[in-house]
Amino acid sequence: MAMQAHADLLAQAGEVEGRSLWQDARRRLFRNKAAVVSMVILLLILVGAVLAPWLSPHPFDEVYWDRIGMPPDYANAHWFGTDNNGRDLFVRVLYGARVSLAVGFAATLVSLAIGVIYGAMSGFLGGKVDEAMMRLVDILYSLPFMFFVIILMVVFGRNIILLFIALGAVEWLTMARIVRGQTLSVKRKEFIEAAHAAGVSNWRIVLRHVIPNVLGPVVVYVTLTVPEVIMTESFLSFLGLGVQEPYTSWGVLISEGAGQMESAPWMLIYPALFLGVTLFCFNFIGDGLRDALDPKDR
Amino acid sequence: MGRHLLRRLAIGLPTLFIVVTLSFYMMRLAPGGPFDQERPIPPEILRNIQEAYHLDEPLWRQYLRYLGGVVRGDFGPSYRTKDFTVNELLAEGAPASFTVGGLAVLLALALGLAAGITAALRQNSWIDYSVMSLAMVGIAIPSFVMAPMLILLFAVHLGWLPAGGWGNGALPFLILPVVSLALPQVARVARLSRGAMIEQLHANYVRTARAKGLREQLVVLRHALPGAMLPVVSYLGPMTAALLTGSVVIETIFSIPGIGRYFVQSALNRDYTVVMGVVIVYAAMIILLNLAVDLVYGLLDPKVRHD
């Protein structure tokens, strides 16, 4: 799932390649050391998550009755120790990475799809329609969404697909605002007028001419949304509303570790470290992208 | 300004209405009810209970009844905590929740502004770099990770502070929950205020103030600071929402008898009225705070004031 989502993101990036603006930005991004290091670390975590079954001799749900709650033990290849049920923590952290990253990317894609289309339509149509659409966003903004997500998870059970959709539906609001603002500035440009004159339909203008030209800030916001979603998923899992046994996510592991932190601190520290480092990396990449795409710097 | 406020009010009421409607119907969509038990209740008794709580009426009647109650400030009885109304439960949890939440807001603002402005005044110095790196750490570590870590360090290893409990709101019991709730927000406020302050310090009117020979202190406090406050003030709304959400977890971790702790428990128990009560109270607080933010915004920003 994570790979699929990632591949989709890459495909999108591929579409806009070849423009001098993006080449420019890429060069500047690669000169940002923090961002490059972050990308390398994230890539390692991603590869680790995908190759999890082959990186450890232990299956993620195998219970070793004689090794319950053991600290890191290199002789038996329990590099991060074992959890309270005698399962290898290293492999569980990597399996948790699968769920956390998959939720992060998938929910971000959902929010991207809704936010970009909604924002672009609103900004492009303008006038009364724009007013009404943005008023709706204002109203939704002041809803305590997390509480609705919690209710949803309680009501419909801990369904991971529903989690993607619910989190995506929460995160699209800011995306819509950003895209609308950008659209307003793009839609007065000559090439839009030219498209109108050539008789292109509104839908096609939005899809082919407006959206590609507002992608810059959207890309930045996407890299900031992914960690936001990962954090939210962990939050829900921490409350016991996330994925179900034997599957796991970083939030579940942290929650289990927090209960054992006096006797078995490694159960808290390793998953917390992975979550923290991942959030760190995304934030650095987001900052790097923002600097790289900032026209003021050029 | 007046028009602006009026518009906000006009958004606030429908928002609250949507919150009530949405949470009512979402809770009712749930399979299972508040009176499900391991051993089924005899049908006659169940019918009596449902009749007592009006659960036998058609859904729209129940909805209207509930809406009417909310308008009069009555959130109804709790289904699970016998002999308690939701209002009583909320009133019981409110002091603890508001103490922790309010202190967290104050801490986030005071510490965040101080750090952000210091960093901006010494831009590109080691102070600036260390403040910004720390802020990055604060943003990347969610409060439900920060809280156990702090407990591990200050309660378990050092033994300086209690690991949980409420102690009737005594200071030692407050420190860890407030700090772990506020830290991510301290980091965000610091980043916001640093950026805004740097922008202000390069503004023309600040240069004018300097040119006419004002003391640096006055230039910073009187001229640059109000402008630098704007983004922070407008962040207050989202910040409250984040703190309220975070408080659900913080109250659970530290076993604080607040509103947030009821929320998850009641949702799992299908105690409809308590869940809805909490959501509505939280939503109302966010809306009110946004209104207050708009007022302050108008006072700080002449562009809005004369609009």
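1. A look at the overall build of chain B
Within chain B, the regular secondary structure consists of twelve helices and zero strands. Mapped from its N terminus to its C terminus, chain B presents α and β elements in the order α-α-α-α-α-α-α-α-α-α-α-α. Looking at chain B residue by residue over its 307 residues, the buried ones come to 38%. Residue pairs at least 24 apart in sequence account for 75% of intrachain contacts in chain B once pairs closer than 6 positions are excluded.

2. Here we look at the overall build of chain A
Helices and strands together make up the secondary structure of chain A, namely 13 helices and zero strands. Traced from its N-terminal end to its C-terminal end, chain A shows the element sequence α-α-α-α-α-α-α-α-α-α-α-α-α. Its C-alpha atoms give chain A principal-axis dimensions of about 75 × 45 × 25 Å. A burial count over chain A gives 46% of its 298 residues as buried. The long-range fraction of contacts in chain A, counting pairs at least 24 apart against all pairs at least 6 apart in sequence, stands at 70%.

3. Describing the interface of chain B and chain A
Counting residues at the interface gives 35 residues for chain B, matched by 30 residues for chain A. Breaking the side of chain B that touches chain A down by element, the ones donating at least two residues are α1 (2-29), α5 (126-140), α6 (143-157), α9 (216-253), α10 (259-269) and α11 (272-300) of chain B. When residues of the side of chain B that touches chain A are assigned to their parent elements, the largest contribution, ten residues, is made by α1 of chain B. Among the residues making up the side of chain B that touches chain A, the classes are represented as 31 nonpolar, four polar and no charged.

4. Things to note about the nonpolar core
If you look at the biggest cluster of nonpolar residues, it comprises 169 residues, and the most contacted ones within it are Val103, Ile150 and Ile254 of chain A together with Val275 of chain B. The greatest single-element share of this core, amounting to 22 residues, is contributed by helix α5 (residues 89-125) of chain A. When neighbours within four sequence positions are excluded, Val103 of chain A is seen to be in contact with Leu163, Phe164, Leu167, Val229, Ile230 and Glu233 of chain A.

5. Describing the packing of helix α12 (residues 250-259) of chain A against helix α13 (residues 266-293) of chain A
Residue and element names in this part refer to chain A. At their nearest, the axes of α12 and α13 sit 8 Å apart, and the two run at 150° to each other. As judged from the angle between their axes, α12 and α13 are roughly antiparallel. Considering the relative orientation of α12 and α13, their crossing is left-handed. Every residue of α13 that contacts α12 at Trp250, Leu253, Ile254, Glu256, Gly257 and Ala258 is listed here: Met267, Leu268, Pro271, Ala272, Phe274 and Leu275. For the contact of α12 with α13, the residue count by class is ten nonpolar, one polar and one charged.

6. Description of helix α8 (residues 204-211) of chain B
Because the α-helix completes a turn every 3.6 residues, residues three or four places apart line up on one side. Within α8 of chain B, only zero of the eight residues are buried, which leaves it mostly out in the open. Phi for Gly213 of chain B, located one or two positions after α8 of chain B, is positive at around 85°.

7. Some details on the confidence of the model for chain B
For chain B, per-residue confidence averages 80 on the pLDDT scale, and 93% of positions sit at 70 or higher. Of the two predicted TM-score estimates for the complex, the pTM is 0.79 and the ipTM is 0.75.

Reading the values: rules and limits
Residues numbered from 1 in each chain as written. Chains lettered and ligands numbered in written order. Predicted model: local features only at pLDDT ≥ 70, side-chain atom pairs only at ≥ 80, totals over all residues. Helix = DSSP H or I, 4+ residues; strand = E, 2+ residues; numbered from the N terminus. Buried ≥ 20, exposed ≤ 12 C-beta atoms within 10 Å, placed from the backbone. Contact = placed C-beta atoms within 7 Å. Nonpolar A, V, L, I, M, F, W, Y, C, P; charged D, E, K, R; others polar. Core = buried A, V, L, I, M, F, W, Y, C linked by C-beta atoms within 7 Å. Axes fitted to C-alpha atoms, helices over the stretch in contact; angles between N-to-C directions. Parallel < 35°, antiparallel > 145°, perpendicular 65-115°, else oblique. Left-handed = near helix turned anticlockwise from the far one by under 90°. pLDDT = per-residue confidence, 0-100.

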